[in-house]
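Here are the chains, one letter per residue:
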Amino acid sequence: MKNYDALREKILLELKDNLKPNRFRHTLGVESTAIALANLNQVDPEEASIAALLHDIAKYFDFDTYMFWLKGTSILERFPDIGSFPKLLHAFAGAQYAQKKYPELNEDIINSVRYHTTGRAGMGTLEKIIFAADYIEPGRKDFPGLLSARERTFDDLDQGVYLILKQTVSYLEQNEEPCFLLTKEAFNDMIPMANPSDL
Ligand code: DGI
Ligand code: FE
Ligand code: FE
């Protein structure tokens, strides 16, 4: 990647201004995890690093700012009620923000930010890496399923992504939170890649 070191430093400065200390630490944990997964899966580790650093860039934008960034996007066109899924907005808005702020970034990096919370059907390898790294990074407070998801993902990225989606869908069910259509589509898409013992 051209000017990777300078770009990384610039993004780190922006993160320090925009993220709370815990969120900054989480982001660095996602970065190191994503770099490791990139090396295991023939993906450019510099692209994984930049996508990971940017994935939660919009975490603390307010609702109106989310809606500003979503104006005119195909996400808003397909899901006019997206505003009723507040936890998902930082991903979709963050992608638009990152694209505008860092126009040199390629579509894979932007899509990795865009789909890091929900996933989607037909994710590319970098998208899978950021989706999984966000869930399994070493700083995540322990919760049921974290260790098995971590093991699976390092053993086989597709099997890990499947298991994370399965656990996310059942977590949402237990908490009576609606599962977003993109998440369901991602889950169905990954079923053929599952480790048989996780089905
Ligand atoms: O931003 P992070 O905290 O690092 O993690 P994230 O971007 O994966 O966001 C996680 C939150 O999003 C978590 O509270 C679960 C929620 N979430 C993920 N998929 C869905 C969802 N919430 C709903 N309602 N529907 C989903 O499909
Ligand atoms: Fe996030
Ligand atoms: Fe995150």
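Residues numbered from 1 in each chain as written. Chains lettered and ligands numbered in written order. Predicted model: local features only at pLDDT ≥ 70, side-chain atom pairs only at ≥ 80, totals over all residues. Heavy atoms only, no water.

As for the nonpolar core
For clarity, the threshold we go by: Residue types Ala, Val, Leu, Ile, Met, Phe, Trp, Tyr and Cys, when buried and joined through side-chain atoms within 4.5 Å, form a set referred to as a nonpolar core. A 1.4 Å probe rolled over the protein chains alone gives each residue an accessible area, and that area as a share of the maximum for its type sets the label: buried under 20%, exposed over 50%, partly exposed in between. Here a helix means four or more residues in a row that DSSP labels H or I, a strand means two or more in a row labelled E, and each is numbered from the N terminus. Residue contacts are counted whenever heavy atoms from the two residues lie within 4.5 Å of one another.
Ranked by size, the top nonpolar core spans 65 residues in total, and within it Leu54 and Phe92 carry the most contacts. By residue number, the principal contributor to this core is helix 8 (residues 125-136), which donates 8 residues. Those residues in contact with Phe92, other than ones at most four positions away along the chain, are Leu70, Ile75, Ile82, Arg114, Tyr115, Thr118, Phe180 and Leu182.

Describing the environment of Leu70
For Leu70, the location among the structural elements is in helix 4 (residues 63-70). A relative accessible area of 1% places Leu70 in the buried class. For the pair Leu70 and Tyr97, spaced 27 residues apart in the sequence, the C-alpha separation amounts to 9.4 Å. Leave out the neighbours within four places in its chain, and Leu70 touches Leu76, Ile82, Leu89, Phe92 and Ala93.

Some points on the packing of helix 9 (residues 146-155) against helix 10 (residues 157-174)
Put simply, the rule reads: To obtain an axis, a line is fitted to C-alpha atoms, over the contacting stretch when the element is a helix, and the angle between two such axes runs from 0 to 180 degrees between their N-to-C directions. The labels follow the angle: roughly parallel below 35 degrees, roughly antiparallel above 145, roughly perpendicular from 65 to 115, and oblique for the rest. Helix crossings are classified by the rotation of the near helix relative to the far one: an anticlockwise turn of less than a right angle makes the crossing left-handed, while a clockwise turn makes it right-handed. All residues other than Ala, Val, Leu, Ile, Met, Phe, Trp, Tyr, Cys, Pro, Asp, Glu, Lys and Arg, Gly among them, are scored as polar; the first ten of these are nonpolar and the last four charged.
Look at helix 9 against helix 10: their axes get within 5 Å of each other, and the N-to-C directions meet at 155°. Comparing their axes, helix 10 and helix 9 come out roughly antiparallel. Between helix 9 and helix 10 lies a crossing whose hand is left-handed. Each of Ser148, Ala149, Arg152, Thr153 and Asp155 in helix 9 lies in contact with helix 10, whose residues at this interface are Leu157, Gln159, Gly160, Leu163, Ile164 and Gln167. Looking at the contact of helix 9 with helix 10, its residues break down into 4 nonpolar, 5 polar and 2 charged.

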